[in-house]
Amino acid sequence: MKIDDVRRTAYAMPLTNPSFPPGPYRFFNREFFVITYRTDPEALRAVVPEPLEVTGDLVKYEFIRMPDSTGFGDYTETGQVIPVRFKGEEGAYVHSMYLDDDAPIAGGRELWGFPKKLASPKLVVETDVLVGTLHYGSVLCASATMGYKHRAFDHDTLVKGLAAPNFMLKIIPHVDGTPRICELVRYYLEDVTLKEAWTGPGALGLFPHALADVARLPVREVVSALHYKTDLTLGLGTVAFDYLAK
């Protein structure tokens, strides 16, 4: 393969058989189960990188069921998102993500810098309860429950929240192990169609694990539980801050 051919065709690894196709990436019937809870503010400040600012003591623990997504297929994801502020703008910092599909792990890490790790999350309905679990191997790391579709939730409020920017820390090492890329990335959810939204009683348990440390942000109080379904596009990102810039 000629040098010009590499330049023309390279966008992801492996060169001749990438783990994911080029975007954009559209998701159909993407289902969210989100428990908002209070945690230790000091624990939040220890994991949220400057120049982001922690705005309180809240964490959103999310389970996301994605049965139909272009390029990434059918998979389930879970993790923690932290409300933050960047240069006066309210948004959310993606702190942790665990999922069960290679393509979105590779694509999420290489493109945006999503903190994705391989694990076994599940989101199911058990009679009258919505149940989310995260296993890392055989070990239970998170368990969430919510009364199934107890009360309708206001669509305008939810859509406004989904329009806020999301941030994450993209880290790509050099071949000698030093940082080659270390950037705060900003992205948005685009072309969102909210199909239904519900709230109800919720509960969340987080359990210590050496490699899936969701319990590092302990549950002090459950504030709310939301369950909703959407169609949306995962927008590509921009660099909000370069940690290696002089």
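Residues numbered from 1 in each chain as written. Predicted model: local features only at pLDDT ≥ 70, side-chain atom pairs only at ≥ 80, totals over all residues. Heavy atoms only, no water.

**Looking at the pattern of salt bridges**
Once their charged atoms are close, side chains differing in charge can pair, the charge on each being opposite to the other.
And then number 1: Summed over all chains, the structure comprises 12 salt bridges.
And then number 2: Where Arg65 meets Asp74, a salt bridge forms, and the shortest distance between an N and an O atom there is 2.8 Å.
And then number 3: Classification of Asp74 by relative accessible area gives partly exposed; the value is 47%.
And then number 4: Asp213 serves as the salt-bridge partner of Arg216, at 3.7 Å between the closest nitrogen and oxygen.
And then number 5: Judged by its relative accessible area of 46%, Arg216 falls in the partly exposed class.
And then number 6: Look at Asp213 and you get partly exposed, because its relative accessible area is 30%.
And then number 7: Through salt bridges with shared partners, one network takes in Arg38, Asp57 and Glu221. (Salt bridge = Lys/Arg side-chain N within 4 Å of Asp/Glu carboxyl O. Buried < 20%, exposed > 50% of the residue type's maximum accessible area, 1.4 Å probe, protein only.)

**What to know about the packing of aromatic side chains**
And then number 1: A complete count under the given rule lists 10 aromatic pairs for this structure.
And then number 2: Summarising the aromatic geometry, the rings of Phe86 and Phe167 are spaced 5.4 Å apart at their centres and angled 55° between planes, so their arrangement reads as tilted. In this pair, Phe86 sits in strand β4 (residues 73-86) while Phe167 sits in strand β11 (residues 166-173), placing the two residues 81 residues apart along the sequence. In this pair, the class of Phe86 matches that of Phe167, namely buried.
And then number 3: In this structure an aromatic cluster arises from ring pairing among Tyr25, Phe72, Trp112, Phe114 and Tyr187.
And then number 4: We note Arg30 situated over the ring of Phe27; from NZ or CZ to the ring centre the distance is 4.5 Å.
And then number 5: When the ring centre of Phe114 is taken as origin, the NZ or CZ atom of Lys116, which lies over that ring, is 5.0 Å away. (Phe/Tyr/Trp six-rings, centres within 6.5 Å; stacked < 30°, edge-to-face > 60°. Helix = DSSP H or I, 4+ residues; strand = E, 2+ residues; numbered from the N terminus. Lys NZ or Arg CZ within 6 Å of the ring centre and 35° of its normal.)

**Considering the UniProt feature "active site" (unreviewed entry) in the chain**
And then number 1: UniProt feature "active site" (unreviewed entry): in the numbering of this structure it lies at Lys116.
And then number 2: Position of Lys116 among the secondary structure elements: in strand β6 (residues 116-118).
And then number 3: You can call Lys116 buried: its relative accessible area is 4%.
And then number 4: A distance of 2.5 Å separates polar atoms of two side chains, one belonging to Lys116 and the other to Glu77. (UniProt positions renumbered as here; feature names shortened; annotations may be inferred. Polar contact = N/O pair within 3.5 Å; in protein donor to acceptor, adjacent residues only side chain to side chain.)

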